[in-house]
Amino acid sequence: MQSVSAPSSSPAPVAQAAGTVAASSSEAAAAFELLDERDEWLEFSRPVDSHPGSDSARWESTVVFDGMYCAACAVTIEQALRATPGVLEAEVNAASHRGRVVWDEGATKPSAWMQAALRAGYRPLLAHDAGASAQRQAETRRMMWRLGVAGLCMMQVMMYATPVYFTAPGEIEADIVHLLRWAQWVLAIPVVLFSCQPFFHNALRDLRLRRVSMDLPVALGMVITFVVSSLGTFEPDGVFGHEVYFDSLTMFVFFLLTGRWLELRLRDRTAGALEALMHRLPESVQRRGQDDAWQRVSIRRLRAGDVIRVLPGEVFPADGAILEGGTSVDEALLTGESTPLAREAGQTVIAGSHNLIAPVVVRVDQAGADTRYARIVALMEQASTSKPHIAQLADRLAKPFLVFVLLAAGLTCAWWWQADPGRALMIAVAVLVVTCPCALSLATPTAMLASAGALAREGILVRRLQALETLAGVKEMVFDKTGTLTRDAFVLERLEVRDGMSRAQALHLAAALAQGSLHPVSRAIVQGAIEEGGEAAAPIPVTGLRETAGQGVAALIGDTRELRLGSAAFCGLPEVAADEGPSSYLCDSSGWLASFYLREDLRADARSTVESLASSGMHVRLLSGDLPQAAERVGRLAGIQDTRGGCSPADKLNVMRQMQQTGAAVAMVGDGLNDGPVLAGADVSFAFGRAVPLARARADFVVLSERFVTIFQTCCKARDTMRIVRQNLGWAAAYNVIGVPLAIVGWMPAWAAGLGMAASSLLVVLNALRLASSRDAAAGE
């Protein structure tokens, strides 16, 4: 029996070091400098096209930023990154907390822009690092402790504050009231020193760096409330001794922490499918050594040609072929196909798929960044870091809005000061707390990330979140024919034979020749013989098989009878105009024997999808480079009235531009193999089919499955997404428009302001979560 040795020692935990809060700037610099080696940054970066005028390589890195809570944080990080020499682009998504950084290798290194982000107060974490994930979990646990302390103290403070609310002035002796205030003050101390720590830390950082974020007005409100209430406790006869507000303080701290924690959990769920896809590979796998012993190694050490063993329940870490054993695999997260697929020796498996039944031995063909899984992850990361135009506008308005909040609170306090200084300060606190640009900044990206996650579960990758907004307004849907509406293979439609020869005999002879060719027409004839069964499917020996490229195949049946299968010219027959599809002829020395007429295989759900698109108000067109007759025939089968054949790529672009000049938004669906310029010219584009070259795909949506109905489902999801976005923006705007005036006139206490602020963000995220949990109506049609 072969042994399995202990896991090999992994490289130095660079990612964990980079994700740890350094005790000093020198320690932080040392941790990040570990990532300046090319082998290290390859784990979170990929090369991109060279920058014009530069001889050095450009890299695109994806990282997660810890400490973000609002759109102003995203803007601050972007500004810090862009100010770093050598950083060409920087984009941070406030909803996913992910950032995309494009940098020039000749001008900077990862440590430089990571330290710039850290100096701005936000810790960069490697997106795919297990240590970073554990650190985020630890931070979540600390937040739960802060929430628990705030909740416990809030309940106790309310017990001591309630008697004053339910009695008339003078019913409780002054000494007892004073004692109750002291009890509330003692209980508020843990809330201020422990539960409020994140707000104070971020606010001090903002003041030190002379900027503003959402935590600054919140922390200012907390400090004012505690100071005013403390003065009222220490000097009950002083200017602030009329009333204390420890109950309001503990309540809105509890509400804010509750809202932030729930928002974090819900936000993780909205992007759950994206995260599940991007973190699907295992950390290690069993690899066969030179002594045939199995050794568990990190998947980063896998190379093409390695032999690995994947056990039931494990995920395949690389693309390869099965050498020993057989099993069933689950490719649902990669293709959207929920049915397990059987895989036997000699068949291929892909990285990210799940081994369900039995252990198998696999030869690695592609590993690391060369796998299809890695290219899928790269596309998903583009979606998680991109920002739609509406979200960019909200981000730009976030900081001016917060400055307005601070000014409004100051003016409100000044207005009320003459009447009652204590009440004036608490009204100012309510103004500081009630305003919530977070809801506005989360309204769009959370909804779009939820949609992207739901589509990922169906095998549809979203490259640009902005494309969802564009797709919702599309009125013109243009399809390519070959490889899109039709499958890559042909099917035998009809067969004509010479008198005295049966259909089965013709198929029998033709299949004997065709089985030696890989041409699509030959494969279709062989498949037709198999489906015919009986005599047609029986094997027949041939000798001297030879193939003439683009013409046909010839071979000997027996010793003397030569058969030919191919074009009319190859068989010595007169040319016949083909007006429907490809044809092939069978002949021998005596002349013509049979004619095989084939057609392109229309996808099973193509017609129903076209009908659904048309019924939803879209005008569907077919543009093809094939003959007009072939395009019209496929159009009739698919239910498309507006067809045009014989189109070059330039012709397709011209037709599309003519539609766009009328003001219509145009969507293009192609196979991504030979229609790149047309896809790029459309307002929104789909690359359809498993043959899509993901490394070169520039479409907005990449459909990994073979189900054509996913095109219609994506259109429905885009419309649902924009409806949710409009609802979110409407609620967030209405809340601020109503809440701020109520706080200014003194009709909203501080605790209610805290509850409203937390509820506004929660409602936005919960509404977006509907897109992640509900399935398209079209899926059931």
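Keep in mind that what you see is a predicted model, and the values were worked out from it rather than measured.

A. Local environment of the overall build of the protein chain. Scanning the protein chain for helices and strands turns up 26 helices and 28 strands. Per-residue burial for the protein chain yields a buried fraction of 54% across its 781 residues. Here the analysis covers contacts within the protein chain between residues at least 6 apart in sequence; of these, 68% occur between residues at least 24 apart. Carbon and sulfur atoms make up 57% of the accessible area of the protein chain, which amounts to about 33,800 Å² in all.

B. Inspection of helix α9 (residues 215-234) at higher detail. With 20 residues, α9 ought to run about 28 Å at 1.5 Å a step, and its terminal C-alpha atoms sit 28 Å apart, in line with that. Counting buried residues along α9, 15 of its 20 residues qualify, which places the element largely inside the surrounding structure.

C. Region of the structure containing the confidence of the model for the protein chain. Of the residues in the protein chain, 82% reach a pLDDT of 70 or more, and the chain-wide mean stands at 80. Per-element mean pLDDT across the protein chain ranges from 43 in helix α1 (residues 14-19) up to 93 in strand β9 (residues 307-310). Within the model, the stretch residues 1-24 combines pLDDT values under 50 with 41 contacts to residues more than four positions away or in other chains. Within the model, the stretch residues 774-781 combines pLDDT values under 50 with twelve contacts to residues more than four positions away or in other chains.

D. Expanded view of the packing of aromatic side chains. Overall, the coordinates contain ten aromatic pairs when judged by the stated rule. Consider the rings of W59 and W103, whose centres lie 6.5 Å apart with planes at 25 degrees: the pair is stacked. Here W103 lies in strand β5 (residues 98-104) and W59 lies in strand β3 (residues 58-66), a separation of 44 residues in the sequence. Looking at W59, the relative accessible area reads 3%, which means it is buried.

E. View of the sheet that holds strand β14 (residues 354-355). Strand order across the open sheet formed by three strands is β12-β11-β14, with antiparallel pairing between neighbours. The strands lining the two open edges of the sheet, one partner per strand, are β12 (341-343) and β14. Bridge count between strand β11 (residues 327-330) and β12: three bridges; the pairing is antiparallel. Residue V329 lies in a different strand from β12, and its bridge partner there is L341.

F. Region of interest: the packing of helix α15 (residues 421-434) against helix α25 (residues 709-744). Here α15 crosses α25 at 170 degrees, and the two axes come no closer than 8 Å. With respect to α25, the axis of α15 lies roughly antiparallel. In this structure, α15 uses I427, A430, V431 and V434 to contact α25, whose residues at the interface are Y735, G739, V740, A743 and I744. Of the residues assigned to the contact of α15 with α25, the class counts are eight nonpolar, one polar and no charged.

G. Representation of the pairing of strand β27 (residues 684-688) in the model. Counted residue by residue, β27 has five buried out of five residues, so it is predominantly covered. In β27, alternate side chains face the same way, and those of V684, F686 and F688 on one face and S685 and A687 on the other are all buried. Both β27 and strand β28 (residues 701-703) contribute to a ladder of three bridges, which runs parallel. Directly across from F686, in β28, lies its bridge partner F701.

H. Spotlight on the nonpolar core. Core analysis: the largest hydrophobic core is formed by 53 residues, its most contacted members being M222, L249, F252 and V253. No other element matches the ten residues that α15 contributes to this core. Residues within four places of F252 in sequence aside, it is in contact with G221, M222, T225, V429, V433, A750, W751 and G754. Judged by nonpolar contacts, the second largest core, of 47 residues, contains M477, V684, F701 and A772.

I. Region of interest: the environment of V227. When you line up the elements, V227 lands in helix α9. The sequence separation of V227 and F240 amounts to 13 residues, and the corresponding C-alpha distance is 9.8 Å.

J. Molecular detail of the pattern of salt bridges. Tallying each qualifying case throughout the model produces 21 salt bridges. Residue K652 pairs with D480 through a salt bridge whose shortest N-O separation is 3.3 Å. Of this pair, K652 sits in helix α23 (residues 649-661) while D480 sits in the loop between β17 (476-479) and α18 (481-485); the two residues are 172 residues apart in sequence, bridging distant segments of the chain. You can call D480 buried: its relative accessible area is 6%. Where salt bridges share partners, they join R46, E60, E89, E91 and R100 into one cluster.

Basis of the calculations
Numbering of residues starts from 1 in every chain and runs along the sequence as written. Local features are withheld for residues below a pLDDT of 70 in this predicted model, meaning they are given only at 70 or higher, and side-chain atom pairs are given and counted only at 80 or more; totals for whole chains, interfaces and linings count all residues. The basis for every side-chain value is the complete set of heavy atoms in the structure, and neither hydrogens nor water enter the calculation. By the criteria applied, helices consist of DSSP H or I runs no shorter than four residues and strands consist of E runs no shorter than two, each listed in order from the N terminus. Residue exposure (1.4 Å probe, protein chains only): buried if accessible area is under 20% of the type maximum, exposed if over 50%, otherwise partly exposed. Contact between two residues is taken to exist if any of their heavy atoms lie within 4.5 Å; hydrogens are not considered. Under the convention used here, a 1.4 Å probe and the Shrake-Rupley method define accessible areas, while residue burial counts only the protein chains that appear. One less than the number of residues in a helix, times 1.5 Å, gives the span that helix is expected to have. As a per-residue measure, pLDDT tells how confident the predictor is, with possible values from 0 to 100. Only Phe, Tyr and Trp rings are paired, with Trp represented by its six-membered ring, and only when their centres lie within 6.5 Å; those with planes under 30 degrees apart are stacked, over 60 edge-to-face, the remainder tilted. By definition, two strands form a pair when at least two bridges between them are found by DSSP. Orientation is described by axes fitted as lines to C-alpha atoms, over the contacting stretch for helices, and by angles from 0 to 180 degrees between their N-to-C directions. Convention used here: angles under 35 degrees read as roughly parallel, angles over 145 as roughly antiparallel, angles from 65 to 115 as roughly perpendicular, and any remaining angle as oblique. Gly counts as polar in this scheme, as do all residues outside two lists: the nonpolar Ala, Val, Leu, Ile, Met, Phe, Trp, Tyr, Cys and Pro, and the charged Asp, Glu, Lys and Arg. For this analysis, a nonpolar core means a set of buried residues of the types Ala, Val, Leu, Ile, Met, Phe, Trp, Tyr and Cys, connected via side-chain atoms within 4.5 Å. Salt bridge, as applied in this entry: a Lys or Arg side-chain nitrogen positioned within 4 Å of an Asp or Glu carboxyl oxygen.

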